[in-house]
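# Examination of the molecular architecture
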Amino acid sequence: MEAMTEHARIEALVQDRVRNILATRSKVLPLLRETFTPNDPVHGLMHLPAIVKVVVDTLTFQRMRQIKQLGICALVYPGATHNRFFHSIGTCFLAYELTKVLRVRQPELCISDRDVLCVSLAGLCHDLGHPCFSHMFEGFVHSLGKEKREQANTRAAAEGRDEPTEEEKKTIATYESWTHEQASVFLLKGLFKELEGPFREAGLRVDDDGDDFTCIGELIDPPKTELEALLAERQLKEKWSSIIKGRLVEKAWMYEIVSNWRSGIDVDKFDYFRRDALHLGIQRQFDHGRYIKGIKVVDDEGGVPTISPPDKDKDNLRENMMELRKHLHRTAYQHKTVKKLEIHMIDILKRMDEALRVTGLTGCKLRMSEAAVTFDLVAYPKLTDTFVESRLLDREDDTITQAADLYEQHILRRQMMRLVADWDLPRFRDGGDRPFPLPESEEVIAGLLAEYPSAASSCYPDRPVRAVVASELRSQVAKIHYGMGSQDPITRVVFHSTKSEGSRGFQVDYDAKPLRQKIFVFWNPPVEELQDTVTLQRLTYAFYKWAQGKVSGPVIAVPASPSKLRACRRPQASPSPSPSPTLAPAPAPAELVPEASMAAPTETPAKRARRTLKINASCPVYPDP
């Protein structure tokens, strides 16, 4: 009898819980139910709210199918043809999962459906504004801004003015400061108008708790400079509402999920680290699931709520996330051949920009760059990889014939510029702890050309010297870091203890190597002269001499890839040498340090161990064997 009574009690308890669950589910708005279930090669089966599918099924979002995630990088890593479309959905999924975890773990945060939705939609729409070839297009727009500044300065000097006019400054600033995040927020506002009804039905609104529409834009593109300044001044809590309008300071942790202004550790990186490595064929990944399951929200020393991982995960974050970012940049994003192709493609886009016009909002004809900087709601969304590549390939527009010829020559037939040097700069100034200053591209080229006559007289002195002009040389400087330049993001994170209620930060992480800097120098002669290895080696030696003047300690030149070692070595003597100007190199100057010297680092006056500085080159010069 007692057993039956106990059984009835348990049955009643179960039925009561089932009724409560069903009652709770019935209160969930239809557009917040997890009915959108795409299957992702990275995250598997994803369950997302129905409102996500409403956004995905718009023309604004679907255009991202036509934009490759890694742009030109796909021409070096053929498997990397994945697109911004699925990366955005993956980022949305991680943002959604992270906020749900915090909602269950910390009910005291009072996370509402609106908070979850704002964070999820920010993750979904954070890359809406990417144009053709992703980040490379930003470089194209910025280079146009640089050219406009040079032209404006020239006009000012010719007219006796000290500086460009205010109108010219304003125009230049729009080009030099343009980012895809700004474009994302602009297109998002268009989506708000297009989907006003569904967004309202999903619960988005403006009230005393916050402005959801402003919040989503701020989550995508937070005012990082202003927030960092207030954090440094310890006034972030008091002045939060002066710059952030979407949420009160109690919800400040929301601004560290999609685009983390504080440390750069966010779900956008979690997705593209895993997705890019998969498609690049790089067998290395960061376990973002561990991070999501381990975090909680705590107050920093200024009383501002921040996302806090457990202190035991500090080394895991550095070694498996921060170092992975550097590895992807060094191996793929800033690979020397990717750099070559990007420079060629920017030249091609400039030729197209001069002739090609895109129809804009009022029927006006705009350059591609104008469509970008004016955020034209009709013209700008047309700028996809497919748009550009189809016009270059079909050759239907006679006005872009020159651009199409360059595309065929450099991109399709791979007749690319040659690598003069690829130099990993030292991390610190000689005898100090300050980062080594990264020279401007113009300084590198000027220094190389200044050393070129001397280098030419040392290499192949019996051969005629080919004149090299600055326009044939391209220099790019690259920073490979943890995401915050020379600063270590770990020092910006507030960690919590799993053993107590305390939290702490790390002022210094002695194992961190947050910044590596590189200089790429390329020679872009006419195609028929690409095999002129004599001039190429003279340029490499000129760069070597310039670099030697920047550091103390030995500098060596080695092949950019092992397969080029034999081609660049001096061949065995023959009784009838060919007079061709593209023979392998003559003996290098006496002061060139042999490759074996890499094993013998020297000491600086401040007793800092100095490693040999290595310059990679397509055809380096070598000492006599």
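Starting from 1, residues in each chain are numbered consecutively following that chain's sequence as written. Note on the predicted model: pLDDT of at least 70 is required for a residue's local features to be given, and 80 or more for side-chain atom pairs to be given and counted; whole-chain, interface and lining totals, by contrast, use all residues. Heavy atoms throughout the structure, all of them, feed into the side-chain values; hydrogens and water do not.

### Concerning the overall build of the protein chain
Within the protein chain, the regular secondary structure consists of 22 helices and 17 strands. Any two residues whose heavy atoms approach within 4.5 Å are treated as being in contact. Partitioning the contacts of the protein chain with sequence separation of at least 6, the portion at a separation of at least 24 is 75%. Under the convention used here, a 1.4 Å probe and the Shrake-Rupley method define accessible areas, while residue burial counts only the protein chains that appear. Summed over its atoms, the accessible surface of the protein chain is roughly 29,300 Å², and 52% of this surface lies on carbon and sulfur atoms. Secondary structure follows DSSP: runs of H or I at least 4 residues long count as helices, runs of E at least 2 residues long count as strands, and numbering of each begins at the N terminus.

### Comments concerning the side chain of Asn316
Assignment of secondary structure puts Asn316 in helix α15 (residues 314-333). In protein, a polar contact means a hydrogen-donor-capable atom and an acceptor-capable atom, both N or O and within 3.5 Å, with residues adjacent in sequence counting only if both atoms are side-chain atoms; elsewhere, any N or O pair within 3.5 Å suffices. Here the side chain of Asn316 touches Asn320 through a polar contact of 2.5 Å, side chain to side chain. In this structure, Asn316 is in contact with Phe286, Arg290 and Met321, ignoring residues within four places of it in sequence.

### A look at the packing of aromatic side chains
In this description, an aromatic ring pair is defined by two values, namely the gap between the centres and the angle between the planes. Geometry of aromatic contacts follows a simple scheme: Phe, Tyr and Trp rings, the Trp one being its six-membered ring, pair when their centres are within 6.5 Å, and the pair is stacked under 30 degrees between planes, edge-to-face over 60, tilted otherwise. Scanning all chains against the criterion turns up 17 aromatic pairs. Taken together, a centroid distance of 6.0 Å and an interplanar angle of 10 degrees make the contact between Phe520 and Phe522 stacked. Burial here depends on accessible area, computed with a 1.4 Å probe over protein chains only, as a share of the maximum for the residue type. Under 20% is buried, over 50% is exposed, and the range in between is partly exposed. Its relative accessible area of 1% is what places Phe520 among the buried residues. Three or more aromatic residues joined by ring pairs make a cluster, and in this case those are Phe137, Phe140, Trp178 and Tyr380. When the ring centre of Phe85 is taken as origin, the NZ or CZ atom of Arg65, which lies over that ring, is 3.9 Å away. A ring is scored as having a charge over it whenever the NZ atom of a lysine or the CZ atom of an arginine sits within 6 Å of its centre and within 35 degrees of its normal. Positioned above the aromatic ring of Tyr175 is the side chain of Lys148, whose terminal nitrogen or guanidinium carbon lies 5.0 Å from the ring centre.

### Quick word on empty space enclosed by the protein
A cavity, in this analysis, means grid points on a 1 Å lattice covering only the protein atoms where a 1.4 Å probe fits yet has no way out; a pocket is instead an open set bounded by protein on both sides within 12 Å along at least five of seven lines, and a residue lines either one if it has an atom within 4 Å of a point. Grid points are joined across faces, edges and corners, and a volume is the space filled by probe spheres set on the points. This structure, assessed with the given rule, holds two cavities of 30 Å³ or more. Roughly 60 Å³ of volume is contained in the largest cavity. Taken together, Glu256, Asn260, Arg262, Ser263, Ile265, Tyr291, Thr306, Ile307, Pro309, Arg492, Val493 and Val494 make up the full set of residues lining the largest cavity. For this classification, the nonpolar set comprises Ala, Val, Leu, Ile, Met, Phe, Trp, Tyr, Cys and Pro, the charged set comprises Asp, Glu, Lys and Arg, and every other residue, Gly included, is treated as polar. Of the residues that constitute the lining of the largest cavity, the class distribution is six nonpolar, three polar and three charged.

### Let's talk about the pairing of strand β9 (residues 418-424)
A large share of β9 lies buried, amounting to six of its seven residues. Where β9 meets strand β13 (residues 515-523), six bridges bridge the pair, whose relative direction is antiparallel. Pairing of Trp423 across the sheet is with Ile519, part of β13. Two strands form a pair only when DSSP identifies at least two bridges running between them.

### Things to note about the pairing of strand β6 (residues 305-308)
Side-chain alternation along β6 places Pro305 and Ile307 on one buried face and Thr306 and Ser308 on a second face that is also buried. What sits between the antiparallel neighbours strand β5 (residues 296-299) and β6 is a turn of five residues, in which Gly303 has the positive phi angle 85 degrees.

### A few points about the pattern of salt bridges
Here a salt bridge means any side-chain nitrogen of Lys or Arg lying within 4 Å of a carboxyl oxygen belonging to Asp or Glu. Following the criterion strictly, the structure yields 39 salt bridges and no others. Among the ionic pairs, Glu301 bridges to Arg234, the shortest N-O distance being 3.5 Å. Taken together, the positions of Glu301 in the loop between β5 and β6 and Arg234 in the loop between α11 (224-232) and α12 (236-243) put the pair 67 residues apart, joining distant regions of the chain. The class of Arg234 is exposed, set by a relative accessible area of 63%. Salt bridges linked by common partners bring Arg114, Asp115, Arg205, Asp207, Asp212, Arg247 and Lys251 together as one network.

### Here's the deal with the confidence of the model for the protein chain
Model confidence for the protein chain is summarised by a mean pLDDT of 87, while 85% of its residues fall at 70 or above. Long-range and interchain partners of residues 569-611, a stretch whose pLDDT sits below 50, account for 83 contacts in this model, where long-range means more than four residues apart. Every residue is assigned a pLDDT by the predictor, reflecting its confidence on a scale from 0 to 100.

### A short note on the environment of Ala152
Relative to the helices and strands, Ala152 resides in helix α6 (residues 135-158). Through-space distance from the C-alpha of Ala152 to that of Ile172 is 8.9 Å; in sequence the pair is 20 residues apart. Setting aside residues up to four positions removed in sequence, Ala152 forms contacts with Pro164, Glu168 and Ile172.

### Looking at the side chain of Ser308
Here Ser308 lies in strand β6. For Ser308, a relative accessible area of 0% corresponds to the buried category. Engagement of the side chain of Ser308 in a polar contact is seen with the backbone oxygen of Val494, the distance being 2.7 Å.

### Concerning the packing of helix α18 (residues 385-394) against helix α19 (residues 401-412)
Structural elements are reduced to axes, namely lines fitted to C-alpha atoms, with helices fitted over the stretch in contact, and the angle between N-to-C directions of any two is expressed from 0 to 180 degrees. Between α18 and α19, whose axes approach to 8 Å, the crossing angle comes to 100 degrees. Looking at the two axes, α18 sits roughly perpendicular to α19. Listed contacts from α19 to Glu389, Leu392 and Leu393 of α18 are Ala403, Ala404, Tyr407 and Leu412. Roughly parallel refers to an angle under 35 degrees, roughly antiparallel to one over 145, roughly perpendicular to one between 65 and 115, and oblique to any angle outside these ranges.

### Some points on the nonpolar core
Membership of the largest hydrophobic core comes to 129 residues, with the highest contact counts inside it found for Leu124, Leu280, Met345, Met352 and Val388. Tallying contributions element by element places helix α4 (residues 84-105) first for this core, with nine residues. Residues in contact with Met352, not counting those within four places in the same chain, are Met368, Val388, Leu392, Ile400 and Ala403. Only buried residues count toward a nonpolar core. Its members are Ala, Val, Leu, Ile, Met, Phe, Trp, Tyr and Cys residues joined through side-chain atoms within 4.5 Å. Grouped together as the second largest cluster of nonpolar side chains are 28 residues, Ala421, Tyr541, Trp546 and Ala547 included.

### So, unusual backbone geometry
One non-glycine residue, Arg395, lies in the positive phi region at around 55 degrees. Looking at the element boundaries, Arg395 is found in the loop between α18 and α19. According to the relative accessible area criterion, Arg395 is partly exposed, its value standing at 33%. In this structure, Tyr460 is a non-glycine residue whose phi angle is positive, near 55 degrees. As for its position among the elements, Tyr460 is in the loop between α20 (441-458) and β10 (473-481).

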